[in-house]
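Single-letter residue listing:
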Amino acid sequence: MVNIEAYQSIVKELATTGTSLVAVSKTKPIEDIMELYELGQRDFGENYVQELVDKKAVLPDDINWHFIGHLQSNKVKQIIPFVYLIHGVDSYKLLEEINKQSLKCGSVVDCLLQVHIAEEETKFGFDEKELTYLFEEKLFELKNIRIIGLMGMSTLTDDTHKIRYEFEKLKRLYDRYSVFKAINFKLSVISMGMSGDYQIAIEEGSTMVRIGSLLFGKRD
Ligand SMILES: *Cc1c(COP(=O)(O)O)cnc(C)c1O
């Protein structure tokens, strides 16, 4: 069930800092998405390629579809024609594939690089060394992608100090790499913060939060 009150209060809260909201609708039905759409929400996030393709086919054209999940190279081609922003780009191989498919479509696709800030090994993302190598040696080859920001996920924990520390780390990297500019690289987005930690993320400089369960209820 969609929590309209929560939506409205979050929108209000985000307006004070100019933070944008990606409503994470994975596993949730079309009707729920339409409910928020009717209230003016246009940015929605999905984690699974097939689910995203199916939803895109039946929902209004002016929705900005964010892919926020772990993207497999062999599925890139399905979302390139319409995706608005790919959040979780976590390898050079994936960037190359996005570039290749975008070239085929004659488009330039906006991407965020996922940075590994959590302590959990299971989370995806570049580390600092890989990022530097990518920026200095590799990026210029990819003309059909545009890196517009960084994305990160904190450790799943109740320890708010730890979460804050991890978000702070992402903001620091963002500031450091912001000075680096190229035709396909100009940072303006820090995608961090979910239902459980978005307030901390905003305090630490997030410009885009990805919120699911607070809006749509718990997932199965
Ligand atoms: C599912 C998901 C979210 C939303 O999580 P909630 O805790 O339901 O707000 C945000 N970001 C990513 C990458 C996700 O996979």
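Report follows, based on the coordinates. (Residues numbered from 1 in each chain as written. Predicted model: local features only at pLDDT ≥ 70, side-chain atom pairs only at ≥ 80, totals over all residues. Heavy atoms only, no water.)

Description of the overall build of the protein chain
Logical step 1: What the protein chain contains, in helices and strands, is nine helices and eight strands.
Logical step 2: Taking the principal axes of the C-alpha coordinates as reference, the protein chain spans close to 50 × 40 × 30 Å.
Logical step 3: For the protein chain, with 220 residues in total, the buried portion stands at 51%.
Logical step 4: A total accessible area of about 11,000 Å² is found for the protein chain, and carbon and sulfur atoms account for 52% of it.
Logical step 5: Positive and negative charge centroids in the protein chain, built from 27 and 34 side chains respectively, lie 4 Å apart. (Helix = DSSP H or I, 4+ residues; strand = E, 2+ residues; numbered from the N terminus. Buried < 20%, exposed > 50% of the residue type's maximum accessible area, 1.4 Å probe, protein only. Areas by Shrake-Rupley, 256 points an atom, 1.4 Å probe, with all protein chains shown as cover. Lys, Arg positive; Asp, Glu negative; His and termini not counted. Charge placed at Lys NZ, Arg CZ, Asp CG, Glu CD.)

Some points on the site of the ligand
Logical step 1: Near the ligand lie 13 residues; those nearest to it are Lys26, Asn47, Ser195, Gly212 and Ser213.
Logical step 2: One of the side-chain nitrogen or oxygen atoms of lysine 26 is found 2.7 Å away from an oxygen atom of the ligand.
Logical step 3: At 2.8 Å from an oxygen atom of the ligand is found a main-chain nitrogen or oxygen belonging to serine 213.
Logical step 4: Taken by itself the ligand offers 390 Å² of open surface, and the protein chains cover 91% of this. (Near = heavy atom within 4 Å. Polar contact = N/O pair within 3.5 Å; in protein donor to acceptor, adjacent residues only side chain to side chain.)

What about the environment of valine 24?
Logical step 1: Tracing the chain through its elements places valine 24 in strand β1 (residues 20-24).
Logical step 2: Taking the relative accessible area as the measure of exposure, valine 24 reaches 5% and is therefore buried.
Logical step 3: Non-local contacts of valine 24, meaning those with residues more than four positions away in its chain, are made with Gly45, Asn47, Ile68, Arg210, Ile211, Gly212 and Phe216. (Contact = heavy atoms within 4.5 Å.)

Some remarks on helix α5 (residues 92-105)
Logical step 1: In this model, α5 (14 residues) spans 20 Å end to end at C-alpha, consistent with the 20 Å of a helix rising 1.5 Å per residue.
Logical step 2: If you check which residues of α5 are buried, you get Tyr92, Leu94, Leu95, Glu97, Ile98, Asn99, Gln101 and Ser102.
Logical step 3: Those residues of α5 that are buried are in contact with α4 (76-79), β4 (85-89), β5 (109-115), α6 (128-138) and β6 (145-152). (Expected span 1.5 Å × (residues − 1).)

Describing the pattern of salt bridges
Where side chains of opposite charge bring their charged atoms close, a pairing between them can arise.
Logical step 1: This model, assessed by the stated rule, comprises eleven salt bridges.
Logical step 2: The partner of glutamate 128 in a salt bridge is arginine 176, and the shortest N-O contact between them spans 3.0 Å. With glutamate 128 in helix α6 and arginine 176 in helix α7 (residues 160-178), this residue pair connects regions lying 48 residues apart in the sequence.
Logical step 3: Take arginine 176: its relative accessible area is 45%, and that puts it in the partly exposed class.
Logical step 4: Close ionic contact of aspartate 175 with lysine 171 constitutes a salt bridge, the shortest N to O distance being 3.0 Å. Placement of the pair is aspartate 175 and lysine 171 together in helix α7, with a separation of four residues, close to one helical turn.
Logical step 5: Residue classification places aspartate 175 among the partly exposed residues on the basis of a relative accessible area of 39%.
Logical step 6: Taken together, the shared-partner salt bridges in this structure form one network comprising Glu46, Glu51 and Lys55. (Salt bridge = Lys/Arg side-chain N within 4 Å of Asp/Glu carboxyl O.)

Quick word on the nonpolar core
Logical step 1: One finds Leu95, Ile98 and Leu113 to be the most contacted residues of the largest nonpolar core, which totals 60 residues.
Logical step 2: In this structure isoleucine 98 touches Leu71, Val76, Ile80, Ile86, Val89, Val109, Cys111 and Ile145, once residues within four positions along its chain are discounted.
Logical step 3: Leu85, Leu112, Val189 and Met208 belong to the second-largest nonpolar core, a separate cluster that totals seven residues. (Core = buried A, V, L, I, M, F, W, Y, C linked by side-chain atoms within 4.5 Å.)

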